[in-house]
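Breakdown of the fold
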Amino acid sequence: MVLATAPTTSPRAAFTHLRCKECGAEYEPKATHVCELCFGPLEVAYDYAAIRERVSRDSIRQGPHSIWRYKDFLPVTTATPIDLGTGLTPLIRAERLGRRLGLKNLYLKNDAVNMPTLSFKDRVVSVALTRAQELGFTTVGCASTGNLANSTAAIAAHAGLECCVFIPADLEAGKVLGTLIYRPTVMAVKGNYDQVNRLCSEVANTHGWGFVNINLRPYYSEGSKTLGYEVVEQLGWRLPDHIVAPLASGSLFTKIHKGFREFVEVGLVEDRPVRCSGAQAQGCSPIAQAFAEHRDFVTPVKPNTIAKSIAIGNPADGVYALDQARKTGGSIDMATDAEIVAGIQLLAETEGIFTETAGGTTIAVLQKLAAAGRIDPEEVTVAYITGNGLKTQEAVQGYVGEPFTIEPQLDSFARALERSHTLERLEWQTIPV
Ligand SMILES: *Cc1c(COP(=O)(O)O)cnc(C)c1O
Ligand SMILES: [Zn+2]
């Protein structure tokens, strides 16, 4: 129902209502995500004057060691949100990778170690399920490319919510097992993510369940803002000059930027321009293609890439992501599957971080931007590593070499060591680019 007047919520919450991103129509903050007037997406709106009064750098510093230190900027009212220690992942100064790429001020935001399921999705799900409980849902679910299923199943288990997740039937084994262990109902749909998503929209309507990325999507997507807040806080209350992040639906990309803008809005950080660059896998690159062809609409594609976690052919926030890349002076680029594998390898051997295919995509695009001189060597650049490599082992299977199998004797070891030195001299190029 469209509201005639501004809605009232509990005085403690700074979030006030949902607003259509296209026509501005306002809605009560229920489980709804599409404007009834224009079919535009709904987004959470806040009373920033109220937040400004309540929040300071100190109050944030004294908050919980999780995303909930930014609770005033998130769409929940409860004093006890679901908290499995999600967020506040390391921001790492990447000196060795930076040297390889010719970047002097490169940082990595490492959500490969986010809690509890080792991807940035734990952020969005913690917010969505906290809100789901506030709205009275007892059964929750999601349409997932893999990481979201892990996250939703785990956090629902912790919160004692019934859970039914939907995944494409061809997901990586690690992602399927990493979902089943939490004992949700898992539906492996014979189709791609976009078909899974369509089915879930129907289930949300017919069964009245809370789907984190469908009818709860306005709340879910706000969780990604914490990736912006944390980087500002960890840089010592400063905006970066340039960010590089992967795009599936484009939500994460746009919400990092929203997080930056909000911190400026409430006076927590000084304004400065932040260039926003995005990364897609070539085998599913509808947003990068639109960028390259100077289009302001996104044409859906059929995904075909090893980067399954970001394989969304019909991205819900694609046009907003395009707009943001253009307005901030960034770009949206793509990487081939071989470049993605090389990106995973490069990050691991220079920085000791094993990321999944989405992170490989980000590193591959970062590498291209640096090589093309599109990142100033002095710029404070933050690359977002959004998932963990142990979940997508098949992607690098066959590229990482093998251990030396030896007898438990010194001479056997010495011979193997000799062989390893020989191999090193041969400058092993196992990865075709
Ligand atoms: C879901 C996902 C993304 C991107 O998500 P958006 O739909 O663009 O918000 C990026 N990286 C990983 C690892 C993901 O699982
Ligand atoms: Zn509208």
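Please read these numbers as outputs of a predicted model, since none were measured by experiment.

On to the pattern of salt bridges. Per the stated rule, a full pass over the model turns up 29 salt bridges. Of the charged contacts, one joins K175 and E172 as a salt bridge, the two residues approaching to 3.9 Å between their closest N and O atoms. When its relative accessible area of 0% is taken as the criterion, K175 is described as buried. Overall, E172 belongs to the buried group, its relative accessible area being 5%.

Moving on, we get to the site of ligand 1. The environment of ligand 1 is formed by 15 residues, the closest being K121, A248, S249, L252 and T386. Within the contact set of ligand 1, an oxygen atom lies 2.9 Å away from a side-chain nitrogen or oxygen of N147. A distance of 2.9 Å separates an oxygen atom of ligand 1 from a polar atom in the backbone of A248. Grouping the amino acids of the shell around ligand 1 by side-chain chemistry returns 7 nonpolar, 6 polar and 2 charged.

Let us now look at the packing of aromatic side chains. Taken as a whole, this structure holds 9 aromatic pairs when the rule is applied. The interplanar angle of 50 degrees and the centroid separation of 5.8 Å between the aromatic rings of F166 and F211 together place this pair among those described as tilted. Here F166, found in strand β7 (residues 162-168), pairs with F211, found in strand β9 (residues 210-211); they are 45 residues apart in sequence, far enough to count as distant. Comparing F166 with F211 shows no difference in burial state: the two are buried. Linked through ring pairs, Y70, F73, Y229, W237 and F263 together constitute an aromatic cluster.

All right, on to the domain arrangement of the chain then. The domain architecture assigned to the chain consists of domain 1 (91-118 + 222-395) and domain 2 (403-433). Between domain 1 and domain 2, the C-alpha centre-to-centre distance is 35 Å.

What follows concerns the sheet that holds β9. Reading across the sheet, the 4 strands line up as β8-β7-β6-β9 and stay open at both edges, with parallel pairing between neighbours. Only two strands of the sheet have a single partner each, and these edge strands are β8 (185-189) and β9. Against the sheet, helix α7 (residues 193-207) touches β6 (139-143), β7, β8 and β9, its axis set at about 150 degrees to β7.

Moving on: the coordination of the zinc ion (ligand 2). Within the protein, the atoms that donate to the zinc ion (ligand 2) are C20 (SG), C23 (SG), C35 (SG) and C38 (SG), at distances of 2.3 to 2.4 Å. If you look at the zinc ion (ligand 2), its 4 donor atoms make angles of 97 to 118 degrees with each other, and the shape they trace is tetrahedral. Residue C35 is classed as buried on the basis of its relative accessible area, which comes to 1%. Residue C38 is classed as partly exposed on the basis of its relative accessible area, which comes to 32%.

Another aspect to go through is the confidence of the model for the chain. The predicted model of the chain averages 94 in pLDDT, with 96% of residues at 70 or higher. Counting interchain partners and residues more than four positions distant, the pLDDT-below-50 stretch residues 4-11 has 10 contacts.

Attention shifts here to the side chain of R295. Turning to its location among the elements, R295 is positioned in the loop between α11 (286-292) and α12 (318-328). Here the side chain of R295 touches E293 through a polar contact of 2.7 Å, side chain to side chain. Look past the residues within four positions of R295 in its chain and what remains in contact with it is Q289, A290, L322 and R326.

For the rest of this paragraph, the subject is the side chain of T139. Along the polypeptide, T139 turns up in strand β6. In this structure, T139 is in contact with E162, W209 and G210, ignoring residues within four places of it in sequence.

This paragraph deals with helix α13 (residues 337-351). Under the 1.5 Å per step criterion, the end-to-end length of α13 is 21 Å for 15 residues, consistent within 8% with the ideal 21 Å. Those residues of α13 that sit buried are I340, V341, A342, G343, I344, Q345, L346, L347, T350 and E351. Where α13 terminates, the next one or two residues include G352, which has phi positive at roughly 75 degrees.

Parameters and conventions
Residues numbered from 1 in each chain as written. Chains lettered and ligands numbered in written order. Predicted model: local features only at pLDDT ≥ 70, side-chain atom pairs only at ≥ 80, totals over all residues. Heavy atoms only, no water. Salt bridge = Lys/Arg side-chain N within 4 Å of Asp/Glu carboxyl O. Buried < 20%, exposed > 50% of the residue type's maximum accessible area, 1.4 Å probe, protein only. Near = heavy atom within 4 Å. Polar contact = N/O pair within 3.5 Å; in protein donor to acceptor, adjacent residues only side chain to side chain. Nonpolar A, V, L, I, M, F, W, Y, C, P; charged D, E, K, R; others polar. Phe/Tyr/Trp six-rings, centres within 6.5 Å; stacked < 30°, edge-to-face > 60°. Helix = DSSP H or I, 4+ residues; strand = E, 2+ residues; numbered from the N terminus. Domains from an automatic or database assignment. Pairing = 2+ DSSP bridges. Contact = heavy atoms within 4.5 Å. Axes fitted to C-alpha atoms, helices over the stretch in contact; angles between N-to-C directions. Donors = N, O, S within 2.8 Å, 3.2 Å for Na, K, Ca; no water. Tetrahedral: all angles 85-135°; square planar, octahedral: opposite > 155°, others 65-115°. pLDDT = per-residue confidence, 0-100. Expected span 1.5 Å × (residues − 1).

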